[in-house]
Amino acid sequence: MATNQSPNPEPADPRIPASAAAVVDLLNSRPHATPALPDTLDDPGRAGEILSPFDPAGHRVPAPERIERVRAVRDHLVAVLAAGTPAQTAQAWALLTEDGSELTFQQTFTAAGPQLQQVAGDPVVGRIVLAVADLVTGDTWSRLRICGNERCAHVFYDTTRSRTQRWHSYEVCGNRTNVAAYRARARSGRASDG
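Residues numbered from 1 in each chain as written. Predicted model: local features only at pLDDT ≥ 70, side-chain atom pairs only at ≥ 80, totals over all residues. Heavy atoms only, no water.

Asks: Sorry, what's going on with the pattern of salt bridges here?
Replies: Two side chains that carry opposite charge are able to pair once their charged atoms sit near each other. For the coordinates displayed, the defined rule picks out 11 salt bridges. Here Arg69 makes a salt bridge to Asp99, at a shortest N to O gap of 3.5 Å. Separated by 30 residues along the polypeptide, Arg69 in helix 3 (residues 64-82) and Asp99 in helix 4 (residues 86-99) bring together distant segments of the chain. When the shortest N-O distance is used, the salt bridge between Arg145 and Asp158 registers 3.2 Å. You can see Arg145 sitting in strand 3 (residues 144-146) and its partner Asp158 sitting in the loop between strand 4 (155-157) and helix 6 (170-193), a full 13 residues away along the chain. Asp158 sits in the buried class, given a relative accessible area of 0%. Through salt bridges that share partners, Asp39, Asp42, Glu68, Arg71, Arg74 and Asp75 make up one connected network. (Salt bridge = Lys/Arg side-chain N within 4 Å of Asp/Glu carboxyl O. Helix = DSSP H or I, 4+ residues; strand = E, 2+ residues; numbered from the N terminus. Buried < 20%, exposed > 50% of the residue type's maximum accessible area, 1.4 Å probe, protein only.)

Asks: Is there a simple way to think about the pairing of strand 2 (residues 113-120) in this case?
Replies: As a general feature of sheets, a regular strand has side chains that alternate between the two faces. Bridge count for strand 1 (residues 104-110) against strand 2 is 7 bridges, and the pairing is antiparallel. Paired with Gln106 across the bridge in strand 2 is Gln117. Linking strand 1 back to strand 2 in an antiparallel pair, the connection comprises 2 residues. (Pairing = 2+ DSSP bridges.)

Asks: It is not clear to me how the packing of aromatic side chains should be interpreted in this structure. Could you clarify?
Replies: In this description, a pair of aromatic rings is defined by centroid distance and the angle of the planes. If you walk through the whole model with that rule in mind, you get 1 aromatic pair. A ring pair is formed by Trp93 and Trp141, whose centres lie 5.5 Å apart and whose planes are at 55°; its orientation type is tilted. Of this pair, Trp93 sits in helix 4 while Trp141 sits in the loop between helix 5 (123-137) and strand 3, and the two are 48 residues apart along the sequence. Looking at Trp93, the relative accessible area reads 25%, which means it is partly exposed. The exposure class of Trp141 is buried, given its relative accessible area of 10%. (Phe/Tyr/Trp six-rings, centres within 6.5 Å; stacked < 30°, edge-to-face > 60°.)

If you want it as structure tokens, here you go:
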């Protein structure tokens, strides 16, 4: 999956649904990590790549007003993931709902079952919202996490059976966090001995 840390996309992980990978890429387009990575939606070419899974018209360079709408949705989704309490989670979902109030969907019934189709509003924002709705109803939204390393904050899809993965990369963030915790405990132990 592509991230804003590298211009070359990583090979797709077959355990990660394409819609989840697209949402993760969108969420990782925000400025995050230390040193801070730039907002890749500021680059029209990169914005076009990140939004291509959600763009039925295939625009390579999204309009500035679309980028601002996408940024707002992205920020609400990151707030949902970062929420520490049920009340904060509910507030973040409510802000996403309010921000998407101009979107209109119609339920259609087919042989494959009921489906939502967008009938009004920005089609890219609508497809982002539909992808998130599919992740929530498919019980895979809970697999999206923010890396436990506060200096990283990279969003990832937890592929573990137990859904307990804490770091986007154990080798990078997990090791650093564990070594830092070990050293802090060692310093604390030496301080209490002296």
